[in-house]
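Report on the structure
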Amino acid sequence: MELLLWMSAPLVRLDCLTLKIMTMKKTGVYMAVCGLLVGVGLWLLGTQIKGGLNGISDNQRVVTVRGLSEREVRANKVTWPIVSKEVGNDLPSIYANVERTNDAILAFLKSNGIEDAEIAVNAPQVIDLQADRYSNMDQRYRYNVTNVVVVTSSQVDKVNELIQRQTELLKQGIAIVAGDYQYQTTYEYTDLNSIKPEMIADATTNAREAAKKFADDSDSKLGKIKTASQGQFTIEDRDQYTPYIKRVRVVSTIVYYLKD
């Protein structure tokens, strides 16, 4: 029995040595694999960082452009104040003349297609010239009365025609006051919402064309929009001679990214 135990002892030592060698080999393989994975991970991380830095650099290259859109439109609303004046010393007589003047003006308007809803008769404005303490001049007439009949209509062409025919009132002895800055004929365009979408699209297209031209000239490619802002719409007279023709204008400002 002791002989067998003595003979088996070297075998046990041999098996332990073999196990230890195999364990060391496995550990070496494990370490090699781990080192390889770490190396690959670092390479991938470096690639991602480089790509991110390149992306940041590309995103910092931008171009700012403005796109303009303009339209000429005809006014669709007119306000025409018809002003007459009466002077005298007797208020009842002056008011009687004001009533006759209003009747003649209303008849002229209605006979030429202006509706009642488009006409407003304002209360007469009376100035007592003798009560003006800042005036030292002798006044021939005490009262100066201003009478205003206002036409507000969408019949712009019709009203323009009647403005040219005011001489018909003069023939009836009605003096129409012209050139008073306080009572100017005004024209408006109120249908802006109907042309807004088309004008915004037009301004955006013009801005993109300008950006594309800049990108081509700088050997770049046009990227996505970074920011965009739309300016306010403005409506102005085309010129001082045709106030019933309006110029509508809008400018859009867009910032594009540039890419290599």
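Just so it is clear, the model here is predicted, and its values are computed rather than measured.

Quick notes on the rules
Residues numbered from 1 in each chain as written. Predicted model: local features only at pLDDT ≥ 70, side-chain atom pairs only at ≥ 80, totals over all residues. Heavy atoms only, no water. Core = buried A, V, L, I, M, F, W, Y, C linked by side-chain atoms within 4.5 Å. Buried < 20%, exposed > 50% of the residue type's maximum accessible area, 1.4 Å probe, protein only. Helix = DSSP H or I, 4+ residues; strand = E, 2+ residues; numbered from the N terminus. Contact = heavy atoms within 4.5 Å. Expected span 1.5 Å × (residues − 1). Pairing = 2+ DSSP bridges. pLDDT = per-residue confidence, 0-100. Arc of directions from axis to C-beta.

Some points on the nonpolar core
Ranked by internal contacts, the top residues of the largest apolar core, which has 21 residues, are Trp80, Ile82 and Leu109. Mapped by element, the contributors of at least two residues to this core are strand E2 (77–88), helix H2 (91–110), strand E5 (143–153) and helix H3 (156–164). Element by element, the count of residues in this core is highest for H2, at 5 residues. In this view, Leu109 contacts Trp80, Ile82, Ile114, Ile119, Val149, Val151 and Leu162; residues no more than four positions away in its chain are not counted. In terms of nonpolar packing, the next biggest core, distinct from the first, is built from 9 residues, Val63, Ala207, Ile254 and Tyr256 among them.

As for H2
Helix length check: H2 (20 residues) gives 28 Å between terminal C-alpha atoms against 28 Å at 1.5 Å per residue, within 8%. The complete set of buried residues in H2 reads Ile94, Val98, Thr101, Asn102, Ala104, Ile105, Leu106, Phe108 and Leu109. The inward-facing, buried residues of H2 contact E2, strand E3 (119–121), E5, H3, helix H4 (167–170) and strand E6 (176–177).

A closer look at the pairing of strand E10 (residues 245–259)
Here 13 bridges tie strand E1 (residues 62–74) to E10, and the two strands are oriented antiparallel to one another. The residue bridging Val62 from the neighbouring strand is Tyr257, located in E10. Note that strand E8 (residues 221–230) and E10 share 7 bridges and pair antiparallel. Bridge pairing links Lys221 to Lys259 in E10. Bridge count between strand E9 (residues 234–237) and E10: 4 bridges; the pairing is antiparallel. Paired with Glu236 across the bridge in E10 is Arg247.

A look at the side chain of Ser84
With respect to the element layout, Ser84 can be found in strand E2. Looking at Ser84, the relative accessible area reads 4%, which means it is buried. Apart from residues lying up to four places away in sequence, Ser84 is in contact with Thr101, Val145, Thr146, Asn147, Ala175 and Val177.

Some thoughts on the environment of Gln139
For Gln139, the position within the fold is in the loop between strand E4 (125–128) and E5. Assessed through its relative accessible area of 34%, Gln139 is described here as partly exposed. It is 7.0 Å that separates the C-alpha atoms of Gln139 and Leu129, two residues lying 10 residues apart in sequence.

Notes on the environment of Ile245
With respect to the helices and strands, the residue Ile245 is situated in strand E10. For Ile245, a relative accessible area of 11% translates into the label buried. Separated by 171 residues in sequence, Ile245 and Arg74 place their C-alpha atoms 4.6 Å apart. Those residues in contact with Ile245 that lie beyond four places of it in its chain are Glu72, Val73, Arg74, Glu236, Asp237 and Arg238.

As for the pairing of E2
Most of E2 is tucked away, with 9 of its 12 residues classed as buried. Of the pairings in the sheet, the one linking E2 to strand E7 (residues 186–188) comprises 3 bridges and is antiparallel in character. Across the sheet, the residue bridging to Thr79 is Thr186, located in E7. Summarising the sheet, E2 and E6 pair through 2 bridges and their orientation is antiparallel. Bridge assignment links Ser84 to a residue of E6, and that residue is Ile176.

Details of the confidence of the model for the protein chain
Confidence along the protein chain averages 83 in pLDDT terms, with 75% of residues attaining 70 or more. With pLDDT under 50 throughout, residues 1–12 is counted as low confidence; its partners more than four residues away or in other chains account for 0 contacts.

What to know about H3
Within the sequence span of H3, burial applies to Val156, Val159, Asn160, Leu162 and Ile163. Looking straight down H3, one finds that the buried residues subtend no more than 160° of arc, so they occupy a single side. Facing away from the buried surface of H3 by more than 90 degrees, the exposed residues are Asp157 and Gln164.

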